[in-house]
Each structure stands twice: as structure tokens, then as C-alpha cells.
Amino acid sequence: MIEADKTVLTTCPFCGVGCQVNLHIKDGMIYRVDAPFDMAPNYGMLCVKGRFGTDYVMHPSRVKTPLIRVNRDEPRSNPPVWREATWDEALDYVAENLTRIASEHGGETIAAYACAKATNEDNYLLQKFIRASFGSNSVDHCARLCHAGSVTGLQLAIGSSAMSNSIAEMEHLDTFIVTGSNTTETHPVISNFLKRAVRKNGAKLIVIDPRQIELTDFATLWLRQNVGSDVALWQAMAHVVVNEELYDKDFVARRTEGFDDYIESLEHCTPEWAEEITGVPAEDIRQAARTYANAGAAAIYWGMGISQSVHGTDNTLAVANLALMCGHVGKPGTGLNPLRGQNNVQGCSDSGGLPPYFTAYQRVDDEAARLKFEGAWGGRELNPKPGLTVTEIMDGALDGKIRAIYILGEDPMSSEPNLAHARHAMEHLEFIVCQDIFINRSGEMADVILPSTSFAEKDGTFINSDRRVQRVRKAIEPIGDSRPDWEILCDLARRVEARMGVEASAGYDYADAEEVWEEMRSVTPDFWGITYERIAREGGVHWPCPAADHPGTPYLFEQEFPRGRGKFWELEYGTDSEQPDAEYPFILSTGRVLFHWHGGTMTRRSSLDAIWPEAAIELHPADAERLGLATSDWVNVKSRRGQITLRVLVTGRSPEGVVFIPFHFAEAAANILTNNLVDPRAKIPDYKLCAVAIEKTSAPDDRPETEVPLTERGAMQDRAQQVH
Ligand SMILES: Nc1nc2c(c(=O)[nH]1)N[C@H]1C(S)=C(S)[C@@H](COP(=O)(O)OP(=O)(O)OC[C@H]3O[C@@H](n4cnc5c(=O)[nH]c(N)nc54)[C@H](O)[C@@H]3O)O[C@H]1N2
Ligand SMILES: Nc1nc2c(c(=O)[nH]1)N[C@H]1C(S)=C(S)[C@@H](COP(=O)(O)OP(=O)(O)OC[C@H]3O[C@@H](n4cnc5c(=O)[nH]c(N)nc54)[C@H](O)[C@@H]3O)O[C@H]1N2
Ligand code: SF4
Ligand SMILES: [Mo]
């Protein structure tokens, strides 16, 4: 029996549930992870990633010293040749190049990717540095590739995009809809609460998803719509609610606007009309609408199936229209709940990691907000023009609008759609800095790697999916010469300011992460009442929390919406997605599996990789038969953008004509195939729909057969889901 030297309470670094974990430390190593039974949000539960996946922290390939690329005269796509550098050398080199580019081409040609894995304190300082030193507001992060559709839609409908209700309400639900969220694999602990609501409370669950996910086993009703047809389905549900007068007249009158025009626009959206488009029987649409509308309280949870679409904004508006109509917002057990993905994606947005906003959605083009930040940041003049988004930054690299990118813990070369386009854009850049714990695919194209500490080696805060500000606590010493992100940024910002000869520094002298939080809190009314001391006492505090004696806000919009009244938006079903044709006859949907994380930078360096070591394409049995394919056969999958090679997993989870590939595996990167077409308003790519062709091939020489046969892994995944 190992006895811990110490046990440190902190927050899981993987998903937006924000589970509280105890790291058990012996001789500077994490040797065990468990969870306290008395703490929200997870009350002792953890999924396989939180419990067994944090060993990436100690992987030998952690970057241990700053690295400078030697072969800069070669194309960026060539394998990098690195030389180790001291911190002084590397930071001076970065400061020199960024100041030079800013003076030659203007500060606005410098862009940054904030990091939904890093802390609020880290991200606050990144956006402060980029905005204050370079006058550039082009600071964005992976939320653009994630909930941008949800955010844009919800801003239009109600003026706020955070998840409206808390995780704690979930197990008491009465009725709820889960759509476009494979919750069991992506928010496993949340899915436990949802399953508990069904099992223990007898709650009614409606799943709306083209793929069979584990939650369909718990559903009263499963609507299996055609990929990308959501708007028609929700419009038809609204049609039923209006037709049968099931809407909440009082709520509509008191809290909303635009209802009359909206219902007029719905006239043609009958369930029969929607059946044609969605493939869902009209009777099921009626039943779903009645179940949701007639409930005393009903919640909607959604994920990437709604957001990641060329009509992600419309999808979200369609969802919001129905919720507003039925009055299922602003009360416990209701709400519009986009489940946030990354451990700190909510916090990264809240900390100012978005082009138009300082902290907590204070706009850069709002003069009062800007003057406040100018005052707090040494009087540096700030740019009132919102900057570019992630997808625009990539395009900007191609036309010279963007010359340098500072990437804090993101991996566009795995996560962007149409990687050939992304690679081309990266190749065009003059200067790329990657500040990460590993050299990921994007790092391989960088000029400099700055090694940061992982969550286990630093202090700070994360904000989870239900807006709960929680602590991250240092448990082990930094690996090698790595330093906390916030500290690196301060050191660099001081060097840039020295070169620019600024009169007054924007202020980068902090003793610790808490001092950074204190500054953030002082300029952010929504965080005012939240201190490290209070988080230690209460475990976590839900923002908005405007005063020390304010209890925090577990659910939003009780009295009114941030935009005043909730607004109904008229919608027209249509699609701009790439459609399958004779040459590319299958629809490709991409997403996740339980054991892996995004480009795999972390999980493929953890013990989880042994359980799920290889990419596979899910193929419906009827399609497999037609193509003469069986599980474990190798196939080439081709789209108009590129081709990958991987093995087949025959399963009825995907509907006929639709294939699914997780995007975790660099050797068969799904994003070589995906399309960089975006939603015109949210700029989010169409990750859930592009056209592909499949052909049988032989095993590639460079890809060893893995030890666990695919069939067994499929079964293992099913078992893992049942164990929770
Ligand atoms: N294990 C693991 N967990 C994760 C992550 C991870 O990489 N690995 N990433 C985290 C992040 S950042 C995020 S954003 C979340 C994402 O969490 P999810 O959104 O749950 O993840 P996806 O796998 O993208 O699955 C989306 C769901 O959308 C469905 N879908 C596909 N097409 C459509 C459609 O046209 N309409 C609708 N309504 N649904 C459709 C798919 O069948 C799938 O069930 O997961 C987080 N959790
Ligand atoms: N085909 C397809 N593509 C997708 C999606 C999809 O569904 N399908 N989903 C999209 C979505 S929802 C998302 S959110 C994006 C995710 O895309 P990314 O955010 O680009 O992916 P991650 O692999 O999570 O990148 C996190 C990086 O942070 C590093 N890191 C971890 N901890 C720290 C830290 O403390 N400090 C620093 N500096 N670095 C750290 C990790 O090593 C890793 O390199 O992918 C998108 N791409
Ligand atoms: S559910 Fe999410 S936060 Fe909880 S242990 Fe799993 S990955 Fe970590
Ligand atoms: Mo995400």
C-alpha cells in the first residue's frame, strides 16, 4: 500500500463537467486519482479520463526547455529541427519578432489563440497582452469550432449564451430533451445524473440524434432525424405546440416578443412537411412536442450536433423558439443548456478570450468598458474594433492580414476543418509561437515552443459548464524548466513593453495566480463576489456573483433575459451543406469517443491509449454488405479535400448512408476530409456533414495491427458505458 505524501484537491483537466478530483502524490508523481464524495458537481463520481487519464502529465515527451526552430529557411511543413534555449533567449527572441512585425505591419497583424485547457488567469493575461501591447483584438479560441453556433443563436434570442441551469438540477428533472450530444461519452458524469433522473425519478427523456447513442436506451422517445435537418424538426414541433394551443400564454406575453410574426411564419411547417425532410414520423414529432410542452418543467441539453453546422445559428434559434414558447426557461429543471466541452472553455470566453469582448462579455466597442480597461491597464490605448475569429485568422494568414500567431494550448493542425487549407495558412505565417505542454501537430510548424506547466503544476481557476468558478491547485513541481502560462506571459509582455518603450506598463507584476484573479475580479462585475478564499470555503461559486454576500447564480433568467424580452426568430429550413452524390455517396459525421480527447495530444500519451489505440470508421451493416466490407477491413475514405486510411467498424449506431469517424487520430485525421464551409453568422464549420467515398484497401505498411481487435473494443466501449 502506497502512502501519499500529500493529497491535493483540484479540478479535472478534461471536460466541462468540472469534476473535483483528489490527486494523490508520492515522490512528486500522481499515482492515484479519486473524488471527494461530498463535493459538487460530481459527488465522488469520475469518468475514465479523470480517474485514469491524467498520467499524460508525466509523459516523457513533455517539453522541458524552450525550443527554437533552426531550419527556419525551410518550409514550415518540413520536420522541425529544434535547438534548446534558455528562457531569456527564447522570450527575447519572441519579443523581438513580435515587436518587429507590429512595427513593420501594424499590431493588428498579430493574433492569438487562447486556451480552453489553461486557467482563467492564464487567458486573462493573454488577451490583456495582445490587446494592450499590440492593439489587436484578434484573440479567439476553440469555442469558435465548438459552441459558436449556440453562442450566436442564444445571443440573438435571449442575449446570453451560458448554460442557463445547473448540473445539480439534473437528477431532479421531470422531462428533458437531449439533442446532438453524445453525453455518455463526452460529459460522462452529467450523463449519470441524466440517467438517474430517468431511473429514479421516472423522468421522460426525448433523444433527438441521427446516431444511436447510449442515452437512446433510456429515452421515452428517440427521434432519429436526417443529419442536418434539425431546423425543420423543431419548427414542426413549434407548429404542433401552436396548433394545439399548448404554449405558455402568460410567459409569451410577459417575457417575449415577436410571437405573432413567428407563428405566422410557421404555417407551412406541419409534422408531415417535416417528416419529408427529417425522416422522422410525423406522429413522433407530435408526441415529442406534446411531451415537452405539457411538462411542468422541461430542460433542453445540446452539444455539437446542433452547433457545428453551416446553420448552427438557425439550429439554436429553432431550439430557443420552442423553449420560449413553452415557458421552459428561468425556472429550476428547465433551461437552454449547451453543454460546454473543454474543462475551461466557459472560463476562457469569460476571461476575454473572444475577439469582441473583455472579461464577462464587456464589449471592446463599448466606450465605457474600454475606458475602464484602459484605466486598469496603465492607460494603454485599446482598439475599439472587434478582431478576427479563429476561422478568419486562418484566412487572414493567407491574405497577409495576419502575420504572426501566438498559440496558447490549442492545436489548429488537428482541430481545424480541411487541414490542407489550415496547413497552407500556417505556412504563410511569418512567425508562430506555441506555448504548450507538448509539441502537438501545430507545434511542429512553430518557430518557438514555450513549455508551460500542466494543470497539476499550477494554481488558478477553471469555470465549468454551469458557470461554477472552481480552483486549480498545484500538486507537483513543474516538469523540467516549464513555467505556468500566466508567468510566461508576464515575462514576455514586460520584454515587449521594454522594446516598445511604453510610458506606463499595463502591469505584469503579480506574486501569484491569486493576484491575477484579484485584478480580473476588480474589472468584472459578474466576478466581484468570488475570491479564492470563498471558493476554498464553498467548493465553487456560480457567476454572476456581483457581491461578497451574493450567493452566486445557479440558474439564470428568473426575472428577465439579458436582452430584456426573449425574441422569436423566423426561420426558413434550407441547407448549404455539401450533399452526397454519385462520386461521394456517404455523409461523414465526425466527433468523439469516450477514451480520447480531440487531437489526442494528451490522451494518446496516457494509459487510455491502450484501450482505444486506433481510429475506425463506423459503417452501417447494410452499407458494409453493399461494399463487401467487414469489421477490421482497411478502407480509404476520400472527400473533395483529401484522403485517409483506417479500419472499419460495422455497427448500427450510424444510420444507413452515414459514417462516423472520431477526430482523435493523427494517422487518420478526420479533418483532412472535413469541409471548411462555415455558418455565415457564427463562422462555425460543418463538422457533422460532408460527402465522402469509401473503397477497400490493404493494410498500410506503416500501421501495425493493434493488439485489441476492433470488435472487442466495440464491446469494451459498451461495457465501459454501463459501468458508471
Ligand atoms: N471523451 C471526450 N469527451 C469530450 C471531448 C473529447 O474530445 N473526448 N471534447 C469535449 C468538447 S470540447 C466538446 S465540445 C464536447 C462535445 O460533445 P458532443 O457534442 O456530445 O460530442 P460529439 O461527438 O461531437 O457528438 C455530437 C452528437 O451530435 C450528433 N449529431 C450528428 N449530426 C447531427 C445533426 O445533424 N443533428 C443533431 N441534432 N445531432 C447530430 C452525433 O450523433 C453525436 O451524438 O465534448 C467534450 N467532451
Ligand atoms: N472533425 C472535427 N473537428 C473538430 C471537432 C469535431 O467535432 N469534429 N470539434 C471541435 C471542437 S468542439 C473543439 S473544442 C476543438 C478542440 O480543439 P483544440 O483546442 O485545438 O484541441 P486540444 O487537443 O484540446 O488542444 C489543447 C492543447 O492544449 C494543451 N494543453 C493542455 N493543458 C495545457 C495548459 O495548461 N497550458 C497550455 N499552454 N497548454 C495546455 C494540450 O497539450 C493540447 O495541445 O476541436 C474542434 N475540431
Ligand atoms: S466527466 Fe469530465 S470532468 Fe468529470 S472526470 Fe470525466 S472528463 Fe473529468
Ligand atoms: Mo468543444
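Criteria and thresholds
Residues numbered from 1 in each chain as written. Chains lettered and ligands numbered in written order. Predicted model: local features only at pLDDT ≥ 70, side-chain atom pairs only at ≥ 80, totals over all residues. Heavy atoms only, no water. Helix = DSSP H or I, 4+ residues; strand = E, 2+ residues; numbered from the N terminus. Rg over C-alpha atoms; globule rule 2.2 N^0.38 Å. Buried < 20%, exposed > 50% of the residue type's maximum accessible area, 1.4 Å probe, protein only. Contact = heavy atoms within 4.5 Å. Areas by Shrake-Rupley, 256 points an atom, 1.4 Å probe, with all protein chains shown as cover. Lys, Arg positive; Asp, Glu negative; His and termini not counted. Charge placed at Lys NZ, Arg CZ, Asp CG, Glu CD. Phe/Tyr/Trp six-rings, centres within 6.5 Å; stacked < 30°, edge-to-face > 60°. Lys NZ or Arg CZ within 6 Å of the ring centre and 35° of its normal. Salt bridge = Lys/Arg side-chain N within 4 Å of Asp/Glu carboxyl O. Polar contact = N/O pair within 3.5 Å; in protein donor to acceptor, adjacent residues only side chain to side chain. Core = buried A, V, L, I, M, F, W, Y, C linked by side-chain atoms within 4.5 Å. 1 Å grid on protein atoms, 1.4 Å probe; cavity = no way out; pocket = protein on both sides within 12 Å on 5 of 7 lines; lining within 4 Å. Points joined across faces, edges and corners; volume = space filled by probe spheres on them. Nonpolar A, V, L, I, M, F, W, Y, C, P; charged D, E, K, R; others polar. Pairing = 2+ DSSP bridges. Axes fitted to C-alpha atoms, helices over the stretch in contact; angles between N-to-C directions.

All right, on to the overall build of the chain then. What the chain contains, in helices and strands, is 23 helices and 26 strands. Computed over its C-alpha atoms, the radius of gyration of the chain comes to 25 Å, within 12% of the 27 Å expected for a compact globule of 724 residues. Seen along its three principal axes, the alpha-carbon backbone of the chain occupies a region of about 70 × 65 × 60 Å. Buried residues in the chain amount to 65% of all 724 residues. Put simply, 73% of the contacts in the chain that link residues at least 6 apart link residues at least 24 apart. If you sum the accessible surface of the chain, you get close to 24,700 Å²; carbon and sulfur atoms cover 49% of it. Measuring between centres, the 71 positive side-chain charges of the chain sit 2 Å from its 103 negative side-chain charges.

Our next topic: the packing of aromatic side chains. Taken as a whole and judged by the stated rule, the model has 21 aromatic pairs. Aromatic pair Tyr 357 and Tyr 361: ring centres 5.2 Å apart, planes at 75°, arrangement edge-to-face. Residue Tyr 357 is classed as buried on the basis of its relative accessible area, which comes to 13%. Between the aromatic rings of Phe 595 and Trp 612, the centroid separation amounts to 6.3 Å while the plane-to-plane angle is 20°, which identifies the pairing as stacked. Of this pair, Phe 595 sits in the loop between β21 (586-591) and β22 (616-619) while Trp 612 is found in the loop between β21 and β22, placing the two residues 17 residues apart along the sequence. On the accessibility criterion, Phe 595 (3% relative accessible area) is buried. Classification of Trp 612 as buried rests on a relative accessible area of 4%. Each member of the aromatic cluster is reached from another via a ring pair, and the members are Tyr 357, Tyr 361, Trp 517, Phe 527 and Trp 543. Across the ring face of Phe 561, the terminal group of Arg 255 is positioned such that the distance to the ring centre comes to 4.5 Å. The lysine or arginine in question, Lys 567, covers the ring of Trp 569, its NZ or CZ lying 4.8 Å from the ring centre.

Attention shifts here to the side chain of Glu 416. Within the element layout of this structure, Glu 416 appears in the loop between α17 (412-415) and α18 (419-428). As a buried residue without a salt bridge, Glu 416 has its nearest oppositely charged side chain in Arg 144, at a separation of 9.1 Å. Setting aside its immediate chain neighbours within four residues, Glu 416 contacts Tyr 113, Leu 145, Val 390, Thr 391, Met 394, Ala 422, Asn 671 and Tyr 687.

Relative to the helices and strands, Arg 370 is located in helix α15 (residues 367-376). One buried charged residue, Arg 370, forms no salt bridge at all, with the nearest opposite charge on Glu 374 at 4.2 Å. Within the structure, the side chain of Arg 370 is placed 3.0 Å from the backbone oxygen of Val 364, a separation counted as a polar contact. Beyond its immediate sequence surroundings of up to four residues, Arg 370 is in contact with Phe 358, Val 364, Asp 365, Leu 382, Asn 383 and Pro 384.

This paragraph deals with the nonpolar core. Membership of the largest hydrophobic core comes to 64 residues, with the highest contact counts inside it found for Leu 98, Leu 125, Leu 126, Phe 129, Tyr 406 and Leu 450. A total of eight residues in this core trace back to one element, the largest contributor, which is helix α2 (residues 87-105). Residues contacting Leu 125, with those up to four places away along its chain left out, are Trp 486, Leu 489, Cys 490, Tyr 508, Tyr 510 and Val 516. Grouped together as the second largest cluster of nonpolar side chains are 54 residues, Tyr 247, Tyr 262, Leu 322 and Leu 571 included.

Another point: the layout of surface pockets. For the largest pocket, the calculated volume is near 440 Å³. Surrounding the largest pocket, 23 residues form its lining, Arg 144, Val 151, Thr 152, Pro 356 and Tyr 357 being those nearest its centre. The element that contributes the greatest number of residues to the lining of the largest pocket is helix α4 (residues 148-157), accounting for five residues. Of the residues that constitute the lining of the largest pocket, the class distribution is eleven nonpolar, six polar and six charged.

Attention now goes to α4. Counting buried positions along α4 gives seven out of ten residues, so the element sits mostly inside the fold. For α4, the set of buried residues is Ala 148, Gly 149, Ser 150, Thr 152, Gly 153, Leu 154 and Ala 157. Buried-residue contacts for α4 involve β12 (298-302), α12 (304-307), α13 (312-326), β13 (336-338) and β20 (566-567). Immediately downstream of α4, the backbone of Gly 159 shows phi near 90°, a positive value.

Attention now moves to the sheet that holds strand β10 (residues 221-223). Here we have five strands laid out as an open sheet, ordered β10-β9-β8-β12-β13, and parallel in their pairing. At either end of the open sheet lies a strand with only one pairing partner, and these are β10 and β13. Recorded for the sheet is a direction-independent mean angle of 15° between the axes of neighbouring strands. As paired strands, strand β8 (residues 175-179) and β12 are joined by five bridges and run parallel to one another. Paired with Thr 175 across the bridge in β12 is Ala 298. Set on the sheet, helix α11 (residues 282-294) makes contact with β8, β9 (204-208), β10 and β12; between it and β10 the angle comes to about 125°. Lying over the sheet, α13 contacts β12 and β13, oriented at roughly 170° with respect to β12.

On to the pattern of salt bridges, then. Enumeration according to the criterion identifies 51 salt bridges in this entry. Residue Arg 640 is joined to Asp 581 by a salt bridge in which the shortest nitrogen-to-oxygen separation is 2.6 Å. With Arg 640 in the loop between β23 (634-638) and β24 (643-650) and Asp 581 in the loop between β20 and β21, this pair connects stretches of sequence that are 59 residues apart. The partly exposed category is assigned to Arg 640, whose relative accessible area is 42%. Lys 638 is paired through a salt bridge with Glu 695; the nearest N and O atoms lie 3.8 Å apart. Taken together, the residues Lys 638 in strand β23 and Glu 695 in strand β26 (residues 690-697) connect sequence positions 57 residues apart. Judged by its relative accessible area of 30%, Lys 638 is partly exposed.

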